[in-house]
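The chain contents come next:
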Amino acid sequence: MADVETSARLMLAALKLSERTRRGSANWASSDEANTFVWSGLSSAVSIAQYRTVNATRVRMAVVNEMGDEIDSITVDHRSEDYEALERLFELARRSALNVDSVLDNLLNELG
């Protein structure tokens, strides 16, 4: 679990990744884990996952170093002030990894 300063830095990374993903300059891949997507940089990688519990929907973002060790993470639920930003990143990552826009474009072209 991240301390306050690290949480702020993780959230800044999330906002920057959201913007890059929205612009199409950050590409995500599906993970072996359900509802988990991964972005790989030169010396680190980020995973973003969404999961539901009985009481809440949670989003977890984790950062791993070049050795594959998780260096820190942040997990929020719908009551957190950071939930909207991490939920947005999750949705952008999901759409990128699953190539949603291209699939929908192809479907619409097929249907005429």
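As the structure is a prediction and not an experimental result, all values here were calculated from the model.

Cut-offs used in this document
Residues numbered from 1 in each chain as written. Predicted model: local features only at pLDDT ≥ 70, side-chain atom pairs only at ≥ 80, totals over all residues. Heavy atoms only, no water. Helix = DSSP H or I, 4+ residues; strand = E, 2+ residues; numbered from the N terminus. Expected span 1.5 Å × (residues − 1). Buried < 20%, exposed > 50% of the residue type's maximum accessible area, 1.4 Å probe, protein only. Arc of directions from axis to C-beta. Contact = heavy atoms within 4.5 Å. Pairing = 2+ DSSP bridges. Patch = residues over 30% accessible without salt bridge, like charges linked within 9 Å, V, L, I, M, F, W, Y side chains within 5 Å. Areas by Shrake-Rupley, 256 points an atom, 1.4 Å probe, with all protein chains shown as cover. Salt bridge = Lys/Arg side-chain N within 4 Å of Asp/Glu carboxyl O. Axes fitted to C-alpha atoms, helices over the stretch in contact; angles between N-to-C directions. Left-handed = near helix turned anticlockwise from the far one by under 90°. Nonpolar A, V, L, I, M, F, W, Y, C, P; charged D, E, K, R; others polar. Core = buried A, V, L, I, M, F, W, Y, C linked by side-chain atoms within 4.5 Å.

### A few points about helix α2 (residues 83–97)
One full turn of an α-helix is made of 3.6 residues, so residues set three or four places apart face in the same direction.
Part 1 of the reasoning: With 15 residues, α2 should reach 21 Å at 1.5 Å per residue; the first-to-last C-alpha distance of 21 Å fits that figure.
Part 2 of the reasoning: Among all positions in α2, only Y83, A85, L86, L89, F90 and A93 are buried. Angularly, the buried residues of α2 cover 165 degrees about the axis, an arc narrow enough to put them on a single face.
Part 3 of the reasoning: In this fold, the buried residues of α2 make contact with α1 (4–23), β2 (36–40), β3 (44–52), β4 (57–65) and β5 (70–77).
Part 4 of the reasoning: Downstream of α2 by a residue or two, N99 has a phi angle that is positive, lying close to 55 degrees.

### Section: the pairing of β5
Part 1 of the reasoning: The pairing of β4 with β5 spans seven bridges and is classified as antiparallel. Residue pairing for β5: V59 is matched across the bridge by V76.
Part 2 of the reasoning: A loop of four residues connects β4 with β5, the two strands running antiparallel in sequence, and G68 in this loop sits at a positive phi of about 90 degrees.

### Points about a nonpolar patch on the surface
Part 1 of the reasoning: On the surface, L104, L107 and L111 cluster together into a nonpolar patch covering about 300 Å² of accessible area.
Part 2 of the reasoning: Within the secondary structure layout, L107 lies in helix α3 (residues 100–111).
Part 3 of the reasoning: Judged by its relative accessible area of 40%, L107 is partly exposed.

### Some remarks on the packing of α1 against α2
Part 1 of the reasoning: At a minimum axis separation of 9 Å, α1 and α2 run at an interaxial angle of 35 degrees. Here the hand of the crossing between α1 and α2 comes out left-handed. In this structure, α1 uses M11, A14, L15, L17, S18, T21 and R22 to contact α2, whose residues at the interface are A85, L86, R88, L89, L92, A93 and S96.
Part 2 of the reasoning: For the contact of α1 with α2, a count of residues per class yields nine nonpolar, three polar and two charged.

### Considering the nonpolar core
Part 1 of the reasoning: The biggest cluster of nonpolar side chains holds 21 residues, and the ones touching the most others in it are W28, I48, M61 and L86.
Part 2 of the reasoning: Elements supplying a minimum of two residues to this core: α1, β2, β3, β4, β5 and α2.
Part 3 of the reasoning: A per-element tally of this core places α2 first, with six residues.
Part 4 of the reasoning: Those residues within four positions of L86 in sequence are excluded, and the remaining contacts are M11, A14, I48, V59, M61, I74 and V76.

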